[in-house]
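Structural characterization, general
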Amino acid sequence: GARQSGARRKDKGPLGRGLLQGRQKFSSWDDALLPGRDPRCLLKRGLRHVSFSLVTKGMTDAPDFLWGLSEMQKLNLSHNQLRAVPPELGKLTRLVVLNLCGNRLKTLPREVSLLQSLKVLFVHMNGLTELPAELGACRSLEVLSASHNCLSQLPASLADLSRLRKLNLSHNRFAHIPVCVFSLKELDFLHVGSNRLENIAESIQCLAGLQIFIAEGNHIHTFPRSLCQLTSLELLNLNNNDIQTLPAELYMLCRLTRIAWNPMDKGLHISRNPLSKPLPELLEGGLEMLVSYLKDRKHT
C-alpha cells in the first residue's frame, strides 16, 4: 500500500505534472500523429463538403499527414506562420476551397495546377511577390482573393480562368491593372483599391458583366469614358484619387442610383478627389443633379 501511495505521489511531482500538462495541450491534429490514430477521423463531413481546418495554430510547416487526405474538399490553414506550401498540395485533387490567408507565403507551388476542382482560393494577407503561371490551369476557379500582398504583376496565363467571377487585388503594388484581367469575361467583382494605379485602361470596357468595381486609394487622374460602358455597374468606388473632371457619359451607368458615402453602399463613390467646381457642390445635390449638369455642359 505504501509503495502504491509513493508511486501516486511520484506521478504528481514536477515531471509527472509536466507530462500531464503537455498532454492536455495537444490539439486534435496532434492526436492524429499518435500511434493507432487515423488522420481521416479528423475530417468534418458536412452535407456538401469534406473539410479540414487548422487555423491559428502557429504552424511554420503544415503536417505531412494532410497530403494523404485525398478526399478532402475544403482546407483551411489560415492565420498561421506558414512560409511555404509543399508540392504535395497537388495530391489534394478534390479540393474545392483552399484558404491560406494570413500566413507568410512568398509564392505558391507549381503543383497548384493539379487542383482542377478548385473554385475558391484565399491567399490574401501573405507576402506573395508572384503567383505561379500554373494557376491559370485551375479552370474551375471562381473566386481569387490575393489582397494585402506584394504583387506588382500577374502571369498572362490567368487570362485562362474563364469562370472567375470575383477578383480581389487590393493593397498590392500594381502600377496598372494587369492585361490578363481584361480577358476575364465572367468577372462581376473587381477590387484594385490601394495600389499604385495612375489610370484605368480603355480595355476596362471588356468587362461587360462587372457589377462592383473598386479602385479607391490610388493615383488615378481621369475618369475614363470607357468606364461608362459598364452598364451593369451597381457600385463604382473611385474615392481618394486625383480625379478632377467627370465624363458627360456618366448617365449611361443607369444602375448607379445615387452618390454613395458609406463604403458598403451601392452607388457612385467619388469623394476625396480634387474635383473642379462646381462638381463638389453638385455631389451634395445627388446623382440626378450631377448627371443633368454633365449632360448640359456637353451640349453647351
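Each chain carries its own residue numbering, running from 1 in the direction its sequence is written. Totals for whole chains, interfaces and linings use all residues, but because this is a predicted model, local features are given only for residues with pLDDT of at least 70 and pairs of side-chain atoms are given and counted only at 80 or more. Values shown for side chains rest on all heavy atoms present in the structure; no hydrogens or waters enter the calculation.

Here's the deal with the overall build of the protein chain
Helix and strand definitions here come from DSSP, where helices need a minimum of 4 consecutive H or I residues and strands a minimum of 2 consecutive E residues; each element is numbered from the N-terminal end. What the protein chain contains, in helices and strands, is 5 helices and 11 strands. Within the protein chain, the proportion of its 300 residues that are buried is 47%. Remark: exposure states derive from per-residue accessible area (1.4 Å probe, protein chains only) relative to the maximum for the residue type, with buried under 20%, exposed over 50%, and partly exposed in between.

Side note on the packing of aromatic side chains
Centres within 6.5 Å make a pair out of two Phe, Tyr or Trp rings, where for Trp the six-membered ring is used; the pair is then stacked when the planes are under 30 degrees apart, edge-to-face when over 60, and tilted otherwise. The tally for this structure, following the rule as stated, stands at 1 aromatic pair. The interplanar angle of 80° and the centroid separation of 6.0 Å between the aromatic rings of F52 and F65 together place this pair among those described as edge-to-face. In this pair, F52 sits in strand β2 (residues 50–53) while F65 sits in the loop between β2 and β3 (74–76), placing the two residues 13 residues apart along the sequence. Take F65: its relative accessible area is 13%, and that puts it in the buried class. It is K295 that lies over the ring of Y251; its NZ or CZ is 4.6 Å from the centre. Geometrically, a charge over a ring is one whose NZ (Lys) or CZ (Arg) sits within 6 Å of the ring centre while staying within 35 degrees of the ring normal.

Comments concerning the sheet that holds strand β1 (residues 44–45)
The rule for pairing is simple: two strands pair if DSSP sees at least two bridges between them. Spatially, 11 strands are ordered β1-β2-β3-β4-β5-β6-β7-β8-β9-β10-β11 in an open sheet, and the strand pairing comes out mixed. The outermost strands of the open sheet, each flanked by one partner alone, are β1 and β11 (267–269). Judged from the 3 bridges that link them, strand β5 (residues 120–122) and strand β6 (residues 143–145) form a sheet pairing that is parallel. Bridging across to β6, F122 finds its partner in S145.

Comments concerning the side chain of N172
Inspection of the secondary structure assignment puts N172 in the loop between β7 (166–168) and β8 (189–191). The exposure class of N172 is buried, given its relative accessible area of 7%. There is a polar contact of 3.0 Å between the side chain of N172 and the backbone oxygen of L169. Within polar-contact distance, the side chain of N172 engages the backbone oxygen of S170 at 3.1 Å. Polar contact is the term for a pair of N or O atoms within 3.5 Å; when the atoms are in protein, one must be able to donate a hydrogen and the other to accept it, and sequence-neighboring residues count only if both atoms are side-chain atoms.

Things to note about a positive patch on the surface
A contiguous patch of positive charge on the surface is contributed by R83, R104, K106, R173 and R196. On the secondary structure map, R173 appears in the loop between β7 and β8. Note on R173: relative accessible area 41%, which makes it partly exposed. For patches, a residue must show more than 30% relative accessible area and have no salt bridge; joins then use 9 Å for like charges and 5 Å for nonpolar side chains, namely Val, Leu, Ile, Met, Phe, Trp and Tyr. Note on areas: Shrake-Rupley, 1.4 Å probe, and residue coverage restricted to the protein chains presented here. The salt bridge definition used is simple: a Lys or Arg side-chain nitrogen within 4 Å of an Asp or Glu carboxyl oxygen. Think of it this way: Lys and Arg go in the positive column, Asp and Glu in the negative one, and His and the chain ends go nowhere. Charge placement uses NZ in Lys and CZ in Arg. For Asp and Glu, CG and CD serve respectively.

So, the confidence of the model for the protein chain
Confidence per residue, as judged by the predictor, is encoded in pLDDT with a range of 0 to 100. The predicted model of the protein chain averages 89 in pLDDT, with 86% of residues at 70 or higher. The contact definition used throughout considers only heavy atoms, calling two residues in contact when any of these lie within 4.5 Å. Residue range residues 2–28 is modelled with pLDDT below 50. Its contacts to residues more than four positions away, or to other chains, number 10 contacts.

Quick word on the environment of I200
Relative to the helices and strands, I200 resides in the loop between β8 and β9 (212–214). Residues I200 and T222 lie 22 residues apart in sequence; the distance between their C-alpha atoms is 8.0 Å. Among all residues touching I200, those that are not within four sequence positions of it are I177, F213, I220, P224, L227 and L238.

Description of the side chain of S226
On the secondary structure map, S226 appears in the loop between β9 and β10 (235–237). Among the residues examined, S226 registers a relative accessible area of 3% and is labelled buried. Those residues in contact with S226, other than ones at most four positions away along the chain, are A201, E202, I204 and Q205.

Quick notes on the nonpolar core
Only buried residues count toward a nonpolar core, which is a set of Ala, Val, Leu, Ile, Met, Phe, Trp, Tyr and Cys residues joined through side-chain atoms within 4.5 Å. Counting residues in hydrophobic clusters, the biggest one holds 82 residues, and the most contacted among them are L66, F213, F223 and L290. Broken down by secondary-structure element, the contributors of at least two residues to this core are β2, α4 (279–285) and α5 (287–299). The greatest single-element share of this core, amounting to 4 residues, is contributed by α5. Discounting residues that sit within four places of it in the chain, L290 has contacts with L246, L250, I259, L268, L279, L282 and L283.

Let's talk about the pattern of salt bridges
The final tally for this structure, using the stated rule, is 9 salt bridges. A salt bridge links K266 to E234, with the shortest nitrogen-to-oxygen separation between them at 2.8 Å. Of this pair, K266 sits in the loop between β10 and β11 while E234 is found in the loop between β9 and β10, placing the two residues 32 residues apart along the sequence. A salt bridge links R258 to D265; its shortest N-O distance comes to 3.9 Å. Each of E142, R165, K166 and D188 takes part in salt bridges that share partners, so that together they form one network.

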